[in-house]
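Survey of secondary and tertiary structure
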Amino acid sequence: ISKYDTVEENLQQDPAIKTFITRKEGELQQRLKSYIDEINFYNVAAMPNDITKFEVGHGIKELMDLWCGKKISTILSFVNDETNNVDSEFNKLYKKILGDSDE
């Protein structure tokens, strides 16, 4: 779940959201189980609005740890490619973590 900081705020107001999320995760697993051996769910707040509640990059390390076991070199080579001028949110976060961003 991306933007998990926002989801968490709403969970406090409406606990039924947790039931909805759990049900949707189960439905997704059912639909894809014949195609994919394993599905993992992570709560990510990469650039949260309130850093007193979630740190910048919340959940990213867990994703990266998983991806590192599954050929992350392809992803990183795309990001590190100097000819790649795509200003995606992933690239912005990557630059922010490295301290190369004015944002």
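The structure displayed is predicted, hence computed values, not measured ones.

Digging into the packing of aromatic side chains
- For the coordinates displayed, the defined rule picks out 1 aromatic pair.
- Ring centres of Tyr-4 and Phe-54 lie 6.1 Å apart, and the angle between their planes is 90°; on these two criteria the pair is classed as edge-to-face. Residue Tyr-4 is located in helix 1 (residues 4–13), and its partner Phe-54 is located in the loop between helix 2 (16–32) and helix 3 (60–68); the two are separated by 50 residues in the primary sequence. One exposure class covers both Tyr-4 and Phe-54, and it is buried.

Thoughts on the environment of Ile-51
- Considering the arrangement of structural elements, one finds Ile-51 in the loop between helix 2 and helix 3.
- On the accessibility criterion, Ile-51 (58% relative accessible area) is exposed.
- Put simply, Ile-51 and Asp-5 are 46 residues apart on the chain and 9.4 Å apart in space, counted from C-alpha to C-alpha.

Describing the environment of Leu-93
- Turning to its location among the elements, Leu-93 is positioned in helix 5 (residues 89–98).
- With 33 residues separating them along the chain, Leu-93 and Ile-60 place their C-alpha atoms 10.0 Å apart.
- If sequence neighbours within four positions are ignored, Leu-93 has contacts with Ala-46, Met-47 and Ile-60.

Some points on the pattern of salt bridges
- Under the defined criterion, the tally for this structure stands at 3 salt bridges.
- The partner of Arg-23 in a salt bridge is Glu-27, and the shortest N-O contact between them spans 3.8 Å. Remark: Glu-27 and Arg-23 occur in helix 2; sequence separation between them is 4 residues, near one turn of the helix.
- Overlapping salt bridges, with partners in common, bring together Arg-23, Lys-24 and Glu-27 in one network.

Digging into the environment of Asn-40
- With respect to the element layout, Asn-40 can be found in the loop between helix 2 and helix 3.
- For Asn-40, a relative accessible area of 32% gives the class partly exposed.
- Between the C-alpha atom of Asn-40 and that of Leu-63, which follows or precedes it by 23 residues, the distance is 9.3 Å.

Section: unusual backbone geometry
- Even without glycine at this site, Lys-3 takes up a positive phi of about 55°.
- Position of Lys-3 among the secondary structure elements: in the segment before helix 1.

Concerning the nonpolar core
- Counting 6 residues, the largest nonpolar core is built from Tyr-4, Val-7, Leu-11, Ile-21, Ala-45 and Phe-54.
- Among the elements that take part in this core, helix 1 stands out by supplying 3 residues, more than any other.
- Contact partners of Leu-11, with chain neighbours within four places excluded, come to Tyr-4, Ile-17 and Lys-18.
- By size, the runner-up hydrophobic cluster in this structure holds 5 residues, among which are Val-44, Ile-60, Leu-63 and Leu-93.

What counts and how
- Residues numbered from 1 in each chain as written.
- Predicted model: local features only at pLDDT ≥ 70, side-chain atom pairs only at ≥ 80, totals over all residues.
- Heavy atoms only, no water.
- Phe/Tyr/Trp six-rings, centres within 6.5 Å; stacked < 30°, edge-to-face > 60°.
- Helix = DSSP H or I, 4+ residues; strand = E, 2+ residues; numbered from the N terminus.
- Buried < 20%, exposed > 50% of the residue type's maximum accessible area, 1.4 Å probe, protein only.
- Contact = heavy atoms within 4.5 Å.
- Salt bridge = Lys/Arg side-chain N within 4 Å of Asp/Glu carboxyl O.
- Core = buried A, V, L, I, M, F, W, Y, C linked by side-chain atoms within 4.5 Å.

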